[in-house]
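The primary structure of each chain is shown beneath.
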Amino acid sequence: MAGAVTVFSKEDVKRPKHSTEHPVVQWLLIGLALLFLALVVLLPLASVFVEALRKGVGVYIDALTEPDALSALKLTLIVALIAVPANTIFGVAAAWAISKFKFRGKNFLITLIDLPFAVSPVIAGLIYMLMFGAQGFFGPWLSDNGIQIMFAVPGIVLATIFVTVPFVARELIPLMQAQGVQEEEAASVLGAKGWSIFWRVTLPNIKWGLLYGVILSNARAMGEFGAVSVVSGHIRGQTNTLPLHVEILYNEYQFSASFAVASLLVMLAVVTLIVKAIVERKSSSH
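- As annotated in an unreviewed UniProt entry, the protein chain carries the name Sulfate transport system permease protein CysW and comes from Paenibacillus soyae.
- Its UniProt record gives the protein chain a comment under Subcellular location (unreviewed entry), which states: "Cell inner membrane".
- Turning to the protein chain, the UniProt record has this under Subunit (unreviewed entry): "The complex is composed of two ATP-binding proteins (CysA), two transmembrane proteins (CysT and CysW) and a solute-binding protein (CysP)."

Here it is in structure tokens:
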């Protein structure tokens, strides 16, 4: 009848009426997903801690507190503390430019940002060796001026920045594009200037997405192996990050020590995931 009004109950609103799967199928799919994750993710991670503690807590603590392990941990944190802020600044600037302005080469810039996703980290390390190695393009000049980039901290930082470039920018670009420029334009009409608009209008709108991108970038920076392995030189106690230290211990058949250091990386990853989940919950609530 024309003009009739359909009334929905609370149950109709809360529960979708067009569920195409039988409950048995739903539980079967959920069970398969959990079984797959248990076999591929949970059991291997649990085995890391089992192997790490196989020879006792004393051996486990000694493996984490010996000088080379502490040096690797320190270097890993230093690299992350340099690479993540650098990519945060770049990511915000790139996302702001791409989402707020029209200019030639925008698509090319986006492609460059995505490039580290497509290029193998090992290739990234080789690229820096080609540029800054002893036989590279800038190698002779760097050697003549006493500047060492490869097999030193600067090379590790550069390689880590390369592989973590996309995370902050790629998190912010779609978010800022969806928000548009209306609020910034309104603030400009009211007399606000560039930095004031950013701090008072743009940043509050993107803060959760920004934090999410920083967390992902930090996780990748601390766990990067391929690119860092090429440029580090594997100098024990000097240029080994935690992933490289794990590899060296394992190759030397120090299995308990290698799994102990690996468990430290796992714990750092778990902390990162917990922070990530909190940020996602905050972001969805806003």
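Anyway, onward from the coordinates.
Quick word on the packing of aromatic side chains
Reasoning step 1: In total, this model carries eleven aromatic pairs according to the counting rule given.
Reasoning step 2: Pairing Phe117 with Phe167 gives two aromatic rings, centres 5.6 Å apart and planes at 85°, and the pair type is edge-to-face. Residue Phe117 is found in helix α5 (residues 106-118), and its partner Phe167 is found in helix α8 (residues 153-179); the two are separated by 50 residues along the sequence.
Reasoning step 3: Relative to Phe259, the ring of Tyr250 has its centre 6.4 Å away and its plane inclined at 85°; by these criteria the two rings are edge-to-face.

Some remarks on helix α10 (residues 194-223)
Owing to its 3.6 residues per turn, the α-helix brings residues three or four apart onto one side.
Reasoning step 1: Taking 1.5 Å of rise per residue, 30 residues should cover 44 Å, yet α10 covers just 36 Å from first to last C-alpha, more than 12% shy of that figure.
Reasoning step 2: Its maximal kink placed at Leu203, α10 deviates by approximately 60°, while the proline Pro204 follows within four residues.

Notes on the packing of helix α6 (residues 121-132) against α8
Reasoning step 1: In the contact formed by α6 and α8, the axes pass within 10 Å of each other and the chain directions differ by 135°. Here α6 lies oblique to α8, going by the angle between them. α6 and α8 meet at a crossing whose hand is right-handed. Counting all contacts with α6, which are made through Pro121, Ala124, Tyr128 and Phe132, the residues of α8 involved are Leu158, Ala159, Phe162 and Val163.
Reasoning step 2: A breakdown of the residues in the contact of α6 with α8 according to their chemical character gives eight nonpolar, no polar and no charged.

Looking at the side chain of Thr88
Reasoning step 1: Tracing the chain through its elements places Thr88 in helix α4 (residues 67-100).
Reasoning step 2: By relative accessible area, which is 16% here, Thr88 ends up buried.

A word on the UniProt feature "transmembrane region" (unreviewed entry) in the protein chain
Reasoning step 1: Cross-referencing UniProt, the feature "transmembrane region" (unreviewed entry) maps to residues 24-50, 70-96, 108-129, 149-169 and 255-279 in the present numbering.
Reasoning step 2: For the annotated span residues 149-169, helix accounts for 81% and strand for 0% of the residues, and the straight-line distance between the end C-alpha atoms is 26 Å.

With respect to the packing of α4 against α5
Reasoning step 1: Their axes nearest at 11 Å, the elements α4 and α5 cross at an angle of 150°. In this view, α4 runs roughly antiparallel relative to α5, as classed from their interaxial angle. Handedness of the crossing formed by α4 with α5: left-handed. Contacts between α4 and α5 pair Phe90, Ala94 and Ile98 from the former with Lys106, Leu109, Ile110 and Ile113 from the latter.
Reasoning step 2: Looking at side-chain class alone, the contact of α4 with α5 contains six nonpolar, no polar and one charged residues.

Rules used in this analysis
- Residues numbered from 1 in each chain as written.
- Predicted model: local features only at pLDDT ≥ 70, side-chain atom pairs only at ≥ 80, totals over all residues.
- Heavy atoms only, no water.
- UniProt positions renumbered as here; feature names shortened; annotations may be inferred.
- Phe/Tyr/Trp six-rings, centres within 6.5 Å; stacked < 30°, edge-to-face > 60°.
- Helix = DSSP H or I, 4+ residues; strand = E, 2+ residues; numbered from the N terminus.
- Expected span 1.5 Å × (residues − 1).
- Bend = angle between axes of the 7 residues up to and from the residue.
- Axes fitted to C-alpha atoms, helices over the stretch in contact; angles between N-to-C directions.
- Parallel < 35°, antiparallel > 145°, perpendicular 65-115°, else oblique.
- Left-handed = near helix turned anticlockwise from the far one by under 90°.
- Contact = heavy atoms within 4.5 Å.
- Nonpolar A, V, L, I, M, F, W, Y, C, P; charged D, E, K, R; others polar.
- Buried < 20%, exposed > 50% of the residue type's maximum accessible area, 1.4 Å probe, protein only.

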